[in-house]
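Below, each chain spelled out in residue letters.
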Amino acid sequence: MARRAGGADLPLHGGRVPAWLGQRMTRLGAVMAQAIVHHYGRDEFLRRLAHPFWFQSFGAVMGMDWHSSGVTTSVIGALKRGLTPLSGELGLHVCGGRGKHSRQTPMELQEIGGRVGFDGAALAQASRMVAKVDSAAVQDGFDLYLHGFIVADDGKWVVVQQGMNADARTARRYHWLSEGLQDFVDAPHAAIDGEAGGEIVNLTDRRARKSRARQLDLLRDLGPDGVARAFAALEPRPEPAQMTLPHLVMPAHHDVRPQDVMSRRLHGALAAAAECGPRDFSELLSVPGVGARTVRALAMVAEVVHGAPCRFDDPARFSLAHGGKDRHPFPVATEVYDKTIDVLKRAVAQAKLGQDDRLEALRRLDAQARRLERADGATFEDFVAAERRRSADYGGRSVFGWERADDGG
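Residues numbered from 1 in each chain as written. Predicted model: local features only at pLDDT ≥ 70, side-chain atom pairs only at ≥ 80, totals over all residues. Heavy atoms only, no water.

(A) Seen up close, the side chain of His175. Considering the arrangement of structural elements, one finds His175 in strand E7 (residues 170-177). A distance of 2.9 Å separates the side chain of His175 from the backbone oxygen of Leu49, its partner in a polar contact. A polar contact is formed between the side chain of His175 and the side chain of Arg173, at a distance of 2.9 Å. (Helix = DSSP H or I, 4+ residues; strand = E, 2+ residues; numbered from the N terminus. Polar contact = N/O pair within 3.5 Å; in protein donor to acceptor, adjacent residues only side chain to side chain.)

Quick look at the structure:
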């Protein structure tokens, strides 16, 4: 059966992704996807997208707002732009998106299916069914507004879709994975992300199988009027709350605070970059302009490429790789961001030629960071303060503009 991965609270956050960041997200997302597919295969990339904790960390390392609902829209958009030119190489296709783009998903699936050979009509029906289940069978107060359907040439797929509760100012993200899926209405979700807001009606839960069957029996035996009369005669009875999934709580505060980051993991990445980068990673440092600051960013990118699912329960940590578009935790270090992309692109290009040294260097960087995790080191506050002081040196930029040398406060 399809597996569930947990949940997360996603506060709504307005604004748009500026073009200078959106373009970089497109390039970084595409090259990270290439690295994951190269190391672990297409199926693993789909599994990662179906994991809500990893998905949030993926968006954070790209420079998006680390905690907000906007991560979903921006990551799906970046992948659609970045993977479309690579679809022939990777065999991956991103369909749908937000608003009117979501309604074009069935047509896109049929068009792609005609080109690559999977049953586009069947997948178009799957897309409609996924949307119908999350909008009708799961009545949780969230109205769907985004539907992203990522499909491989062999017909395997993942869906990431999101709903909004305007009154509560929260969003809920739903993850579906075709791997192991046997039934669209019997516990099909890989995960449901969102605020735990009390009891909901979830007719897709396995425990609701009898309820679904009985509803059909009642409709056949009593008819609509009979059902209404029977319902009116019932006295309210308390129902037990549904079992809850592991939950990642995304706080309402926009700034990144020390409690949002697991310090020993941060110190491990910093120590690996400082102590091992200059000595052991000559393959990475041979790229012109790559220094210690870029290697620190690469250590966090390497973890998103190679890390196990249990490593992503503090997605705020990955915003420390390149920063955030709203200056949280610090302005996006565009020069570091560009070097990160450059290193990864060169590594992937070499791997295509059978020379895996640079991609293996990133794997070693991630492994070394985990070995060096420890409780001591620079405090979170000191690290962020140093980044802000040097922001102009790193090409610091946010939605408020470029950083100046005297803006580091």
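(B) Structural view of the pattern of salt bridges. Across all of its chains, the model carries 27 salt bridges by this definition. For Lys156, the salt bridge is made with Asp43, and the minimal N-O distance between the two is 2.8 Å. Taken together, the residues span a long stretch of sequence, with Lys156 in the loop between strand E5 (143-152) and strand E6 (157-165) and Asp43 in helix H2 (residues 42-49) at a distance of 113 residues. A residue is classified by how much of its surface remains accessible, and Asp43, at 25% relative accessible area, is partly exposed. Among the salt bridges present, the one from Glu44 reaches Arg48, with a minimum N-O distance of 2.9 Å. Here the residue Glu44 and the residue Arg48 both occupy positions in helix H2, the gap between them amounting to four residues, near one helical turn. By relative accessible area, Arg48 is classed as buried at 8%. Connected through salt bridges with shared partners, the residues Arg264, Arg265, Glu303, Arg311, Asp313, Asp314, Arg317 and Glu373 form a single ionic network. (Salt bridge = Lys/Arg side-chain N within 4 Å of Asp/Glu carboxyl O. Buried < 20%, exposed > 50% of the residue type's maximum accessible area, 1.4 Å probe, protein only.)

(C) Inspection of the environment of Ser57 at higher detail. Locating Ser57 in the fold gives a position in helix H3 (residues 52-61). You can call Ser57 buried: its relative accessible area is 0%. Sequence separation of Ser57 and Val301 is 244 residues, and the distance between their C-alpha atoms is 9.7 Å. Contacts of Ser57, omitting those with residues within four sequence positions, involve Val304, Phe312, Pro315 and Phe318. In this structure the side chain of Ser57 is engaged in a polar contact, spanning 3.1 Å, whose partner is the backbone oxygen of Phe53. (Contact = heavy atoms within 4.5 Å.)

(D) Local environment of the sheet that holds strand E11 (residues 332-333). Read across the sheet, three strands follow the order E11-E12-E13 without closing on themselves; strand pairing throughout is antiparallel. Each edge of the open sheet is held by one strand with a lone partner, namely E11 and strand E13 (401-402). (Pairing = 2+ DSSP bridges.)

(E) Focus on unusual backbone geometry. Residues His328 and Pro329 are joined by a peptide bond in cis, for which omega reads 5°. Along the polypeptide, Pro329 turns up in the loop between helix H12 (292-306) and E11. One non-glycine residue, Arg169, lies in the positive phi region at around 60°. Assignment of secondary structure puts Arg169 in the loop between E6 and E7. For Arg327, which is not glycine, the phi torsion reads 70° and is therefore positive. Tracing the sequence through the fold places Arg327 in the loop between H12 and E11.

From the geometry alone we can't say anything about function, so treat these as descriptive.
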